Every structure is written in C-alpha cells, then in structure tokens.
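Structural overview
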Amino acid sequence: MDLSDWRVKLDDVDRRLVALLNERFGYVVEIAKIKKEKHLPVHEPLREIQVFENVRNANAGPLPDDAVQRVFERILDESRSFQRGPMGEPRKD
C-alpha cells in the first residue's frame, strides 16, 4: 500500500472515532441529567481514576498507556464542559 491508501484507512478510523465519541457524549447527557436531578457534582475525581484504569487496562498498544490517558483526560475535560452547558447541547464557547 502507498501513502494515500494508509490515509484512506486513517480517514475511515477517524469517522468511526467521531461516531463513538458522539455515542459516548449521548451517555454523558443522560448522566448529566441524573447528576442534576440528584444534585451531584459534575466533577468526580474517583470516577475519573476508574476511567483511566479502565482504558489503560484495555490498551493493547502500540499507543503507550500514558498517551491513552492523556487522550482520555481531554475527553473527560470536554465531558465536564459539556455537562456544565445547556442540557443536551454542547457549550458554544
């Protein structure tokens, strides 16, 4: 395969990642509703530790565990921002 073939594969993976991220954020919306109803905080540090452990345990490489965690730190940061915005809609900032 040449460079353009690999890029086509990457573009396909990127589209699947976007679909999975949107699926994840659909769940974030539902969790935010429950948190709001029960007056729970958006930020839950212990849960974030569990998420990091889960993704590191699921990682089979070649991406190093610390890189996987950094990606998920950003995803969780966006999840918190999303939860703090209008319910069901991402923040506009």
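Residues numbered from 1 in each chain as written. Predicted model: local features only at pLDDT ≥ 70, side-chain atom pairs only at ≥ 80, totals over all residues. Heavy atoms only, no water.

1. Overview of the packing of helix α2 (residues 45-58) against helix α3 (residues 65-84)
At a minimum axis separation of 9 Å, α2 and α3 run at an interaxial angle of 140°. Considering the angle they form, α2 stands oblique to α3. Judged by the twist between their axes, the crossing of α2 over α3 is right-handed. Facing Glu48, Val51, Phe52, Val55 and Arg56 of α2, the residues of α3 in contact are Asp65, Val68, Gln69, Phe72, Glu73, Leu76 and Arg80. (Axes fitted to C-alpha atoms, helices over the stretch in contact; angles between N-to-C directions. Helix = DSSP H or I, 4+ residues; strand = E, 2+ residues; numbered from the N terminus. Parallel < 35°, antiparallel > 145°, perpendicular 65-115°, else oblique. Left-handed = near helix turned anticlockwise from the far one by under 90°. Contact = heavy atoms within 4.5 Å.)

2. Observations regarding the nonpolar core
Counting five residues, the largest nonpolar core is built from Phe25, Val28, Val29, Ile75 and Phe82. Secondary structure elements with two or more residues in this core: α1 (3-37) and α3. Among the elements that take part in this core, α1 stands out by supplying three residues, more than any other. Dropping the residues within four chain positions of it, phenylalanine 25 is found in contact with Ile75, Glu78, Ser79 and Phe82. (Core = buried A, V, L, I, M, F, W, Y, C linked by side-chain atoms within 4.5 Å. Buried < 20%, exposed > 50% of the residue type's maximum accessible area, 1.4 Å probe, protein only.)

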